[in-house]
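Structure at a glance
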Amino acid sequence: MSLSPDLDEADQPQTSGRRTGRSFYAAPVSEFRITDDDAIIGRLSSRHVAFHAAAEAEQLRAWEREIEILKGSFAKLGSLCDDWQPLLEIPLLRLGKRIDAVVLAPGVVGVIEFKINATAFQSADRVQTERYAQSLSDFHEASQQRLILPILCAERARAKPPATTLVEGVGTLMEANATTLADALLIVQSHVDPNAAAIDAHGFDYSPYRPTPNIVEAAQALYAGHEIADIGRGDAADAELQAAAAALQKIAADAEA
(Lines give C-alpha, C1' and ligand atoms only; values in the text may rest on other atoms or scores of the structure.)
Protein backbone atom coordinates (compact mmCIF):
# COMPACT_ATOMS: atom_id res chain seq x y z
CA MET A 1 0.00 0.00 0.00
CA SER A 2 2.94 2.30 -0.67
CA LEU A 3 2.08 5.71 -2.05
CA SER A 4 4.79 6.09 -4.66
CA PRO A 5 5.10 8.04 -7.91
CA ASP A 6 5.18 6.34 -11.31
CA LEU A 7 8.91 7.00 -11.56
CA ASP A 8 10.81 5.14 -8.86
CA GLU A 9 12.33 7.14 -6.03
CA ALA A 10 16.06 7.05 -5.40
CA ASP A 11 16.69 3.36 -4.83
CA GLN A 12 19.69 4.04 -2.64
CA PRO A 13 19.38 7.55 -1.11
CA GLN A 14 22.44 9.19 0.36
CA THR A 15 22.64 9.85 4.08
CA SER A 16 25.61 11.66 5.64
CA GLY A 17 27.76 10.82 2.64
CA ARG A 18 27.11 7.08 2.65
CA ARG A 19 24.51 4.78 1.12
CA THR A 20 21.65 3.53 3.24
CA GLY A 21 19.88 0.21 2.83
CA ARG A 22 17.37 -0.26 0.04
CA SER A 23 14.47 -1.05 2.38
CA PHE A 24 12.97 1.65 4.60
CA TYR A 25 13.01 -0.62 7.69
CA ALA A 26 14.56 -3.99 8.49
CA ALA A 27 15.02 -5.94 11.72
CA PRO A 28 14.77 -9.50 13.07
CA VAL A 29 11.25 -10.61 14.01
CA SER A 30 12.28 -10.80 17.68
CA GLU A 31 13.24 -7.10 17.58
CA PHE A 32 10.34 -6.07 15.35
CA ARG A 33 7.76 -7.55 17.72
CA ILE A 34 8.97 -5.57 20.74
CA THR A 35 9.76 -2.30 18.98
CA ASP A 36 7.25 0.46 19.60
CA ASP A 37 4.99 1.01 16.56
CA ASP A 38 5.69 4.74 16.61
CA ALA A 39 9.42 4.09 16.41
CA ILE A 40 8.96 1.90 13.33
CA ILE A 41 6.68 4.45 11.68
CA GLY A 42 9.21 7.16 12.52
CA ARG A 43 11.92 5.28 10.61
CA LEU A 44 9.58 4.67 7.68
CA SER A 45 8.59 8.35 7.63
CA SER A 46 12.18 9.59 7.80
CA ARG A 47 12.98 7.61 4.64
CA HIS A 48 9.70 8.54 2.99
CA VAL A 49 10.26 12.28 3.36
CA ALA A 50 13.60 11.92 1.61
CA PHE A 51 11.50 11.48 -1.53
CA HIS A 52 8.35 13.47 -0.69
CA ALA A 53 7.65 16.81 0.96
CA ALA A 54 5.72 15.07 3.72
CA ALA A 55 4.54 11.61 4.66
CA GLU A 56 0.87 11.54 3.67
CA ALA A 57 -1.60 10.89 6.49
CA GLU A 58 -3.12 8.02 4.51
CA GLN A 59 0.29 6.39 4.19
CA LEU A 60 0.96 6.73 7.92
CA ARG A 61 -2.38 5.10 8.76
CA ALA A 62 -1.63 2.26 6.34
CA TRP A 63 1.76 1.66 7.96
CA GLU A 64 0.19 1.61 11.43
CA ARG A 65 -2.26 -1.10 10.41
CA GLU A 66 0.31 -3.12 8.44
CA ILE A 67 2.65 -3.18 11.43
CA GLU A 68 -0.20 -4.24 13.71
CA ILE A 69 -1.20 -7.08 11.36
CA LEU A 70 2.39 -8.27 10.95
CA LYS A 71 3.09 -8.24 14.67
CA GLY A 72 -0.11 -10.16 15.38
CA SER A 73 0.73 -12.74 12.73
CA PHE A 74 4.27 -13.23 14.02
CA ALA A 75 2.90 -13.59 17.55
CA LYS A 76 0.68 -16.48 16.36
CA LEU A 77 3.73 -18.25 14.90
CA GLY A 78 5.70 -17.69 18.10
CA SER A 79 9.21 -19.13 18.20
CA LEU A 80 8.86 -20.58 14.68
CA CYS A 81 9.67 -17.19 13.21
CA ASP A 82 12.03 -15.68 15.80
CA ASP A 83 15.00 -15.89 13.42
CA TRP A 84 13.10 -14.47 10.43
CA GLN A 85 13.66 -10.89 9.31
CA PRO A 86 11.00 -8.53 7.95
CA LEU A 87 11.89 -5.61 5.69
CA LEU A 88 9.39 -2.84 4.98
CA GLU A 89 9.04 -0.64 1.91
CA ILE A 90 11.54 -2.05 -0.59
CA PRO A 91 11.83 -0.03 -3.84
CA LEU A 92 11.83 -1.86 -7.16
CA LEU A 93 13.58 0.29 -9.74
CA ARG A 94 12.10 -1.22 -12.89
CA LEU A 95 8.48 -1.24 -11.68
CA GLY A 96 8.66 2.21 -10.09
CA LYS A 97 6.93 0.82 -6.98
CA ARG A 98 7.74 -0.37 -3.47
CA ILE A 99 7.05 -3.80 -1.94
CA ASP A 100 5.14 -3.32 1.32
CA ALA A 101 6.97 -6.11 3.14
CA VAL A 102 9.47 -8.88 2.56
CA VAL A 103 9.92 -11.63 5.14
CA LEU A 104 13.22 -13.50 5.04
CA ALA A 105 13.13 -17.07 6.33
CA PRO A 106 15.83 -19.73 5.70
CA GLY A 107 15.73 -20.41 1.96
CA VAL A 108 12.47 -18.47 1.47
CA VAL A 109 11.52 -14.90 0.58
CA GLY A 110 7.93 -14.01 1.50
CA VAL A 111 6.60 -11.04 -0.50
CA ILE A 112 3.59 -9.35 1.14
CA GLU A 113 1.39 -6.69 -0.44
CA PHE A 114 -1.14 -5.12 1.92
CA LYS A 115 -4.46 -3.64 0.88
CA ILE A 116 -5.70 -1.96 4.02
CA ASN A 117 -9.52 -1.82 4.40
CA ALA A 118 -9.95 -3.88 1.22
CA THR A 119 -12.93 -6.24 1.37
CA ALA A 120 -12.06 -8.33 -1.70
CA PHE A 121 -9.09 -9.63 -3.66
CA GLN A 122 -8.97 -7.47 -6.78
CA SER A 123 -7.44 -8.70 -10.04
CA ALA A 124 -5.15 -5.67 -10.27
CA ASP A 125 -3.87 -6.34 -6.74
CA ARG A 126 -3.18 -9.97 -7.58
CA VAL A 127 -1.20 -8.96 -10.66
CA GLN A 128 0.71 -6.33 -8.69
CA THR A 129 1.80 -8.81 -6.02
CA GLU A 130 2.74 -11.46 -8.57
CA ARG A 131 4.81 -8.90 -10.51
CA TYR A 132 6.72 -7.99 -7.36
CA ALA A 133 7.60 -11.62 -6.73
CA GLN A 134 8.56 -12.23 -10.35
CA SER A 135 10.68 -9.07 -10.43
CA LEU A 136 12.71 -10.33 -7.47
CA SER A 137 13.05 -13.72 -9.13
CA ASP A 138 14.21 -12.18 -12.41
CA PHE A 139 16.43 -9.34 -11.26
CA HIS A 140 17.43 -9.66 -7.58
CA GLU A 141 20.51 -11.80 -7.07
CA ALA A 142 19.78 -12.98 -3.50
CA SER A 143 16.17 -13.83 -4.33
CA GLN A 144 17.19 -15.91 -7.32
CA GLN A 145 18.81 -18.37 -4.91
CA ARG A 146 15.65 -18.79 -2.82
CA LEU A 147 12.01 -19.80 -3.07
CA ILE A 148 9.76 -16.74 -3.45
CA LEU A 149 6.23 -16.88 -2.01
CA PRO A 150 3.90 -13.95 -2.81
CA ILE A 151 1.07 -13.07 -0.42
CA LEU A 152 -1.77 -10.59 -1.04
CA CYS A 153 -3.26 -9.44 2.27
CA ALA A 154 -6.64 -7.74 1.74
CA GLU A 155 -7.42 -6.71 5.30
CA ARG A 156 -11.20 -7.29 5.39
CA ALA A 157 -11.65 -9.85 2.61
CA ARG A 158 -13.57 -13.06 3.29
CA ALA A 159 -11.34 -15.65 4.92
CA LYS A 160 -10.25 -18.71 2.96
CA PRO A 161 -7.38 -21.14 3.49
CA PRO A 162 -4.20 -19.84 1.81
CA ALA A 163 -2.50 -22.25 -0.58
CA THR A 164 0.35 -22.16 -3.07
CA THR A 165 1.91 -24.26 -5.82
CA LEU A 166 5.57 -23.95 -6.72
CA VAL A 167 6.44 -23.02 -10.31
CA GLU A 168 10.14 -22.58 -11.16
CA GLY A 169 11.12 -21.14 -7.81
CA VAL A 170 8.12 -18.84 -7.38
CA GLY A 171 4.95 -19.88 -5.58
CA THR A 172 1.50 -19.09 -6.91
CA LEU A 173 -0.21 -16.24 -5.11
CA MET A 174 -1.55 -16.81 -1.61
CA GLU A 175 -4.56 -14.72 -0.59
CA ALA A 176 -5.05 -13.77 3.06
CA ASN A 177 -6.82 -11.26 5.24
CA ALA A 178 -5.66 -9.71 8.51
CA THR A 179 -6.60 -12.88 10.42
CA THR A 180 -5.34 -15.51 7.98
CA LEU A 181 -1.99 -13.87 7.18
CA ALA A 182 -0.55 -16.02 9.96
CA ASP A 183 -1.78 -19.12 8.06
CA ALA A 184 0.02 -17.91 4.93
CA LEU A 185 3.19 -17.40 6.97
CA LEU A 186 2.83 -20.96 8.26
CA ILE A 187 3.03 -22.07 4.64
CA VAL A 188 6.22 -20.02 4.36
CA GLN A 189 7.45 -21.91 7.42
CA SER A 190 6.62 -25.24 5.77
CA HIS A 191 9.03 -24.42 2.94
CA VAL A 192 11.92 -23.31 5.15
CA ASP A 193 15.21 -24.95 4.21
CA PRO A 194 17.50 -25.16 7.26
CA ASN A 195 20.44 -25.97 4.96
CA ALA A 196 20.01 -22.88 2.79
CA ALA A 197 22.73 -20.24 2.74
CA ALA A 198 21.98 -17.70 5.45
CA ILE A 199 21.04 -14.15 4.52
CA ASP A 200 20.11 -11.25 6.78
CA ALA A 201 18.32 -8.01 6.01
CA HIS A 202 21.57 -6.21 5.23
CA GLY A 203 22.62 -8.88 2.75
CA PHE A 204 19.22 -8.80 1.08
CA ASP A 205 19.20 -4.99 0.91
CA TYR A 206 22.60 -4.78 -0.70
CA SER A 207 22.30 -7.76 -3.00
CA PRO A 208 22.52 -6.56 -6.63
CA TYR A 209 19.19 -5.73 -8.27
CA ARG A 210 19.73 -5.56 -12.03
CA PRO A 211 16.65 -4.84 -14.09
CA THR A 212 17.01 -4.22 -17.80
CA PRO A 213 15.25 -0.91 -18.49
CA ASN A 214 14.65 0.53 -21.92
CA ILE A 215 16.48 3.69 -22.96
CA VAL A 216 13.75 6.05 -21.69
CA GLU A 217 13.63 4.35 -18.28
CA ALA A 218 17.42 4.46 -18.07
CA ALA A 219 17.50 8.17 -18.90
CA GLN A 220 14.79 8.92 -16.33
CA ALA A 221 16.64 6.97 -13.65
CA LEU A 222 19.91 8.68 -14.44
CA TYR A 223 18.33 12.12 -14.31
CA ALA A 224 16.82 11.22 -10.92
CA GLY A 225 20.36 10.79 -9.60
CA HIS A 226 20.79 7.01 -9.67
CA GLU A 227 24.20 5.42 -9.91
CA ILE A 228 24.81 3.57 -13.16
CA ALA A 229 25.14 0.32 -11.15
CA ASP A 230 21.54 0.71 -9.90
CA ILE A 231 20.11 0.81 -13.40
CA GLY A 232 21.33 -2.51 -14.72
CA ARG A 233 24.10 -3.69 -16.95
CA GLY A 234 24.16 -4.48 -20.64
CA ASP A 235 26.92 -5.72 -22.87
CA ALA A 236 28.89 -2.48 -22.82
CA ALA A 237 31.93 -2.07 -20.60
CA ASP A 238 31.72 0.12 -17.51
CA ALA A 239 33.64 2.94 -19.19
CA GLU A 240 31.16 2.98 -22.07
CA LEU A 241 28.23 2.98 -19.67
CA GLN A 242 29.72 5.87 -17.72
CA ALA A 243 30.24 7.80 -20.96
CA ALA A 244 26.65 7.12 -22.00
CA ALA A 245 25.46 8.23 -18.57
CA ALA A 246 27.41 11.48 -18.81
CA ALA A 247 25.98 12.16 -22.26
CA LEU A 248 22.42 11.55 -21.09
CA GLN A 249 22.90 13.79 -18.08
CA LYS A 250 24.24 16.59 -20.30
CA ILE A 251 21.29 16.24 -22.68
CA ALA A 252 18.88 16.43 -19.74
CA ALA A 253 20.67 19.48 -18.29
CA ASP A 254 20.68 21.22 -21.67
CA ALA A 255 16.98 20.50 -22.12
CA GLU A 256 16.15 21.87 -18.69
CA ALA A 257 18.19 25.01 -19.38
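Reading the values: rules and limits
- Residues numbered from 1 in each chain as written.
- Predicted model: local features only at pLDDT ≥ 70, side-chain atom pairs only at ≥ 80, totals over all residues.
- Heavy atoms only, no water.
- Helix = DSSP H or I, 4+ residues; strand = E, 2+ residues; numbered from the N terminus.
- Expected span 1.5 Å × (residues − 1).
- Buried < 20%, exposed > 50% of the residue type's maximum accessible area, 1.4 Å probe, protein only.
- Core = buried A, V, L, I, M, F, W, Y, C linked by side-chain atoms within 4.5 Å.
- Contact = heavy atoms within 4.5 Å.
- Phe/Tyr/Trp six-rings, centres within 6.5 Å; stacked < 30°, edge-to-face > 60°.
- Lys NZ or Arg CZ within 6 Å of the ring centre and 35° of its normal.

Next up on the list: helix H4 (residues 123-139). For H4, which comprises 17 residues, the first-to-last C-alpha distance of 24 Å matches the rise-based estimate of 24 Å (1.5 Å per residue) to within 8%. Turning to H4, its buried residues are Asp125, Thr129, Tyr132, Ala133, Ser135, Leu136, Ser137 and Phe139.

Looking now at unusual backbone geometry. A positive phi is found at Asn117, a non-glycine position, where the angle reads about 75°. Structurally, the position occupied by Asn117 is in the loop between strand E6 (108-115) and H4. A relative accessible area of 48% places Asn117 in the partly exposed class. Located in the positive-phi region is Glu168, a residue other than glycine, with phi close to 50°. Along the polypeptide, Glu168 turns up in the loop between strand E8 (166-167) and strand E9 (170-171). Taking relative accessible area as the criterion, Glu168 reaches 79% and is therefore assigned exposed.

Now for the nonpolar core. Counting 38 residues, the largest nonpolar core has Trp84, Ile112 and Leu181 as the members making the most contacts within it. Sorting the residues of this core by element identifies helix H1 (29-34), helix H2 (37-48), helix H3 (57-77), strand E5 (97-105), E6, strand E7 (147-154), strand E10 (174-176) and helix H6 (181-190) as the ones contributing at least two each. If you tally residues by element for this core, the top one is H3, at 7 residues. Other than its neighbours up to four places away in sequence, Leu181 contacts Ile69, Leu70, Ser73, Ile112, Phe114, Ile151, Cys153 and Ala176. Residues Leu87, Val111, Phe139 and Ala201 belong to the second largest nonpolar core, which totals 18 residues.

Bringing the side chain of Asp125 into the picture now. If you trace the backbone, Asp125 turns up in helix H4. Here Asp125 is in contact with Lys115 and Leu152, once residues within four sequence places are set aside.

What follows is about the packing of aromatic side chains. In total, this model carries 3 aromatic pairs according to the counting rule given. Taken together, a centroid distance of 5.9 Å and an interplanar angle of 85° make the contact between Phe32 and Phe74 edge-to-face. Here the residue Phe32 occupies a position in helix H1, and Phe74 occupies one in helix H3, the gap between them amounting to 42 residues. On the basis of relative accessibility, which here comes to 0%, the residue Phe32 falls in the buried class. Taking the centre distance of 6.3 Å and the plane angle of 90° together, the rings of Phe139 and Tyr209 count as edge-to-face. Of this pair, Phe139 sits in helix H4 while Tyr209 sits in the loop between helix H7 (201-206) and helix H8 (215-223); the two residues are 70 residues apart in sequence, bridging distant segments of the chain. An aromatic cluster of at least three residues, connected via ring pairs, comprises Tyr25, Phe32 and Phe74. Of note, Lys71 hangs over the ring of Phe32, and the distance from its end group to the ring centre comes to 5.8 Å.

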